[in-house]
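A structural walkthrough
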Amino acid sequence: MKYFQLPSIFSPGWLARAFLLAIASCLWVTVSAGELSWYRFDVNEDALSGMVDFGGMNHMLEASDRLFVKSGHFYRIGPDARPGTKDDSRIRLFGISLASAANFPEEKDAAKIALRLRKLGFNAVRLHHLDSILSDSLTQPRGILTTAAFPSFNEAALRRLRVFITALKAEGLYVNLNLHVGYQFRPAVDQVTPLMPGEKMPFASHPLHLFEPRMISLQAEYVQQLLRRLELKDDPALAMIEINNESSLIGAWQRTQLDGLTGEYERMLQQNWQKWALHQYGSAERACAIWDSCSMARKGIVNVKSSEAGVLEYGEGWYARVQRLSNRVVNKLGLGTPTALQQQYLPHETGNGRRVLDYVRFLSELDQQYLTAMRKTIRQEVGELVPLTGSQMYFGGIALADAQQHMDYVDEHFYVDHYDFPHLDWDRNDWRIRNSSVLREGWQDLLQRAYVRDVHKPFVLSEFNQAFPNQQSAEILPVVSAIAAAQDWDGLFLFHYIDGDNWQSLPDSFGLSGHSGQLATVGVSASLFRQFQVRPLPAQIAVKLVPETRQMLGALRDGVSGIGFPAYLEAKLGLEFKHVFFARVGLQHGMQMKTDLTQTPALAYQKNWSDEDSLWVAPGAQLRYSESGPWLAADTTYTRMFAGSRPATSGIAIAEMQLPLFSEKGRQYGVVLLTSRDTLTLKDSHRMLLVLSGATAGTQPDSVPQRPRQLVNYDGQRGWWTLEPEIATANKPSGSLQATAPVWLERVAVKLFHPTSSKKITIYPLDGSGARMKALPASAATKKSNGFQLEIDYPSPWYEIVLE
């Protein structure tokens, strides 16, 4: 899409911006043939009914619905109230996060919000950022803690949250309780180790809270009191607990945070390191002799800087080589063939390389000590069944697996086109995005999330999104749901639902509420994942890594760059990200293994993609992906899905259904979902829901007539996008991330074929609550010998299709 641009003399200064905005409503022009067409559409989340009400998948949670981990997945305990018996039943969680004040709705609104989430298709809520805002207000609490010494609880927040959990339970929604997320210790108030003069406590006290003894003790007290006061023991609503959000000592070292420690915190970490070395080697002298890199006369055993990892090599400049390897597009290494990199593996048994690897191991064990302390407290309060996780794998990389070996499930985050703030973090009027797609720029990263899954544990994406105003944001829910189902993952939590300070149902950065393009796709995505409609891929690639390899990758900052681990898997084991489309992929973290290896029954599927036609076909043909679109299509017994750009040829068919064709007058992009709503298979169904979704926009303030707010180049920079500013903030480069009503949806015009033996078809557009509007004219469906050719171009994302 291209936009009319004024001469460059107008670009600098607020006066020029104000002038531009004043005339924007008459000068803003799209000049490409594939311009977006918009219509107004608001989803009435409190009145969803009929075809768009997916609440029937839920039931009130009872004692038999308590969750536990079995055979690497989440299970309900069943009526006999005993784990590991025949009445256990598998479950997947399709959830959404609530942050800060949104966790504490007024008691009169708790049931209403719970019902909203149920109807949308969710069966879990992630209680996030409970501890991030200190709030003394008893009338409008924004956090669960007060400004008094930690942990001091806001009684109104506790009461509201308990009422909310009860309401969620009544609507069949579990809770994922997050413990340490944003609380920032205050040395003078909390009596923790003071900082150096002039220093500020880092956000959430990362990573000091992981090794400072009093902070750990206070966190254990917080956990104990929180679980008790919310009365969560034996409560079936408590599905899982996240101990520590986006933080680990390994991750902090990889991000150079530990390099900047000063004063007592530096000394404290160094003392722990010295104790570890003495326990490991018997004496400081022996440790220094093995490392050949410290002198007792000068400095002794000191903390290792992250930059010292440069000494590590797998043969000749291994890290540099894997960086080059990760950027390689062609000349793939042969599968199963020993490579030069594999043959040149040089373990660091002595020298400074050994010291660096020892330090990574030390940090891992210190991380594990913290998690063990929290785990012990949690188990004392809620028993042995509730699944626990430590932190997300990205914050430490594969080395974090050792620290979390006694955790019950693996957690990860995934974002496409996360906001970039060039000047001030979270300046809502100075930000930019790439306007990228999970099917293009985010595709490899999505598939590589499988690389950190443990085959013996449930795997959860507790945060993911492709947020507003990304114009492809409607694709994220169905695409992630389809891939997660094929990989047999266990939980998905979209981040997030709504800003709890105002409860306005309008597009607002990550918020789902009011984001019509995503709301239109939630229910079908939920059923696709929760009901196992996409069958798990039949074969599995289980990668086994020795502890030394995990430590090496951790030392090479895999938790930051994401380069080392994927490149290592490709170079040493022949595993490419494409394999995730053809087989379930995961790790087996053997703690006593001697060599790395992979079980390879699925590697033959590498031949199922063709570089010539760029078409990937997964085993069973339920999923197909085209690089040339790009697009992803799913064909299941109850649902068909298409997301992406118009296929290059109309001749490619998925089973009995041709791929949808988008009108040439639009940008030839959209999300198309067709699902049975009468419990019959799609081929036999008489009542179906069709979803057509695309971009979402708010209204440009003060525009006359009202029009959608446009994406424009950020400060004239090609490839970076932001929203056009408003007159009120003309001195800033971006429009607000919070949309102004009314909400607009991209009009998606499509042709598609539905095979059926029925003789008559009626198509009803649905309004924002799912109620029928006047049926489309008969010309919208043409009878063919084996079905109907549909041609739909109408301002609604939802359609009820009735077959007779």
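Relevant structure appears above.
A brief report on the enclosed structure follows.

Calculation notes
- Residues numbered from 1 in each chain as written.
- Predicted model: local features only at pLDDT ≥ 70, side-chain atom pairs only at ≥ 80, totals over all residues.
- Heavy atoms only, no water.
- Pairing = 2+ DSSP bridges.
- Helix = DSSP H or I, 4+ residues; strand = E, 2+ residues; numbered from the N terminus.
- Buried < 20%, exposed > 50% of the residue type's maximum accessible area, 1.4 Å probe, protein only.
- Axes fitted to C-alpha atoms, helices over the stretch in contact; angles between N-to-C directions.
- Parallel < 35°, antiparallel > 145°, perpendicular 65-115°, else oblique.
- Contact = heavy atoms within 4.5 Å.
- Nonpolar A, V, L, I, M, F, W, Y, C, P; charged D, E, K, R; others polar.
- Expected span 1.5 Å × (residues − 1).
- Bend = angle between axes of the 7 residues up to and from the residue.
- Polar contact = N/O pair within 3.5 Å; in protein donor to acceptor, adjacent residues only side chain to side chain.
- Core = buried A, V, L, I, M, F, W, Y, C linked by side-chain atoms within 4.5 Å.
- Salt bridge = Lys/Arg side-chain N within 4 Å of Asp/Glu carboxyl O.

1. Examining the sheet that holds strand β1 (residues 38-40)
Taken in spatial order, the three strands of this open sheet run β1-β28-β25, and their pairing is antiparallel. Of all the strands in the sheet, just β1 and β25 (696-697) have a single pairing partner and so form its edges. When β25 meets strand β28 (residues 744-746), the two strands line up antiparallel, connected through two bridges. Across the sheet, the residue bridging to threonine 696 is leucine 745, located in β28.

2. Section: unusual backbone geometry
Residue proline 207 is reached from histidine 206 by a cis peptide bond, and omega for that bond is -10°. Summarising the element assignment, proline 207 is placed in the loop between α5 (187-190) and α6 (213-229). With a phi close to 60°, tryptophan 426 is a non-glycine residue in the positive phi region. Along the chain, tryptophan 426 turns up in the loop between β10 (410-415) and α14 (443-448). Accessibility expressed as a relative area gives 45% for tryptophan 426, which makes it partly exposed.

3. Notes on the packing of helix α8 (residues 263-281) against helix α12 (residues 351-382)
Taken N-terminus to C-terminus, the directions of α8 and α12 make an angle of 110°; their axes are 10 Å apart at the nearest point. Classed by the angle they form, the pair α8 and α12 counts as roughly perpendicular. Contacts between α8 and α12 involve Leu269, Asn272, Trp273, Trp276, Gln280 and Tyr281 on the former and, on the latter, Arg354, Arg355, Asp358, Tyr359, Arg361, Phe362, Glu365 and Leu366. For the contact of α8 with α12, the per-class residue count stands at seven nonpolar, two polar and five charged.

4. Here's the deal with helix α16 (residues 516-530)
The end-to-end C-alpha distance of α16 is 22 Å, a good match for the 21 Å that 15 residues give at a rise of 1.5 Å each. Taking the largest bend as the criterion, α16 deviates by roughly 40°, centred on valine 522. Just beyond α16, the residue with positive phi is phenylalanine 532, at close to 55°.

5. Focus on the side chain of histidine 413
Relative to the elements of secondary structure, histidine 413 occurs in strand β10. We classify histidine 413 as buried; its relative accessible area is 9%. Side-chain polar atoms of histidine 413 contact the side chain of glutamine 392, separated by 3.4 Å. Among the polar contacts listed, one links the side chain of histidine 413 to the side chain of serine 462, at a separation of 3.0 Å. The residues touching histidine 413, leaving out its near neighbours within four places in the chain, are Arg126, Asn245, Glu246, Gln392, Arg449, Leu461, Ser462 and Glu463.

6. Details of the nonpolar core
In terms of nonpolar packing, the biggest core is built from 177 residues, with Ile144, Leu177, Trp253, Trp443, Phe581 and Trp798 touching the most fellow members. Residue contributions to this core peak at twelve residues, all from α12. With 26 residues, the next largest nonpolar core counts Met688, Val750, Ile763 and Tyr799 among its residues.

7. Quick word on the pattern of salt bridges
A side chain with one charge can pair with a side chain of the opposite charge if their charged atoms come near. Across all of its chains, the model carries 42 salt bridges by this definition. Across the pair arginine 354 and aspartate 358 runs a salt bridge whose closest N-O atoms are separated by 3.3 Å. Here arginine 354 pairs with aspartate 358, and both are found in helix α12, just four residues apart, close to one helical turn. According to the relative accessible area criterion, arginine 354 is buried, its value standing at 15%. Residues arginine 772 and glutamate 800 are paired through a salt bridge, measuring 2.9 Å at the closest nitrogen-oxygen approach. With a gap of 28 residues between them, arginine 772 in the loop between β30 (761-765) and β31 (781-784) and glutamate 800 in strand β33 (residues 798-803) connect regions that are remote in the sequence. Given a relative accessible area of 46%, arginine 772 falls into the partly exposed group. Glutamate 800 gets classed as buried once you look at its relative accessible area, which sits at 5%.

8. Structural notes on the sheet that holds strand β4 (residues 89-90)
Spatially, three strands are ordered β2-β3-β4 in an open sheet, and the strand pairing comes out antiparallel. Strand pairing shows two members of the sheet lacking a second neighbour, β2 (67-70) and β4, which therefore form its edges. The sheet contact formed by strand β3 (residues 73-76) and β4 spans two bridges and is antiparallel. Counted as the bridge partner of tyrosine 75 is arginine 90 from β4.

9. Looking at the pairing of strand β13 (residues 540-544)
For β13, the tally of buried residues reaches four of five residues, placing the bulk of the element in the interior. Direction of pairing for β13 relative to strand β14 (residues 584-588): parallel, over a ladder of five bridges. Among the inter-strand pairings, valine 543 is bridged to a residue of β14, identified as leucine 587.

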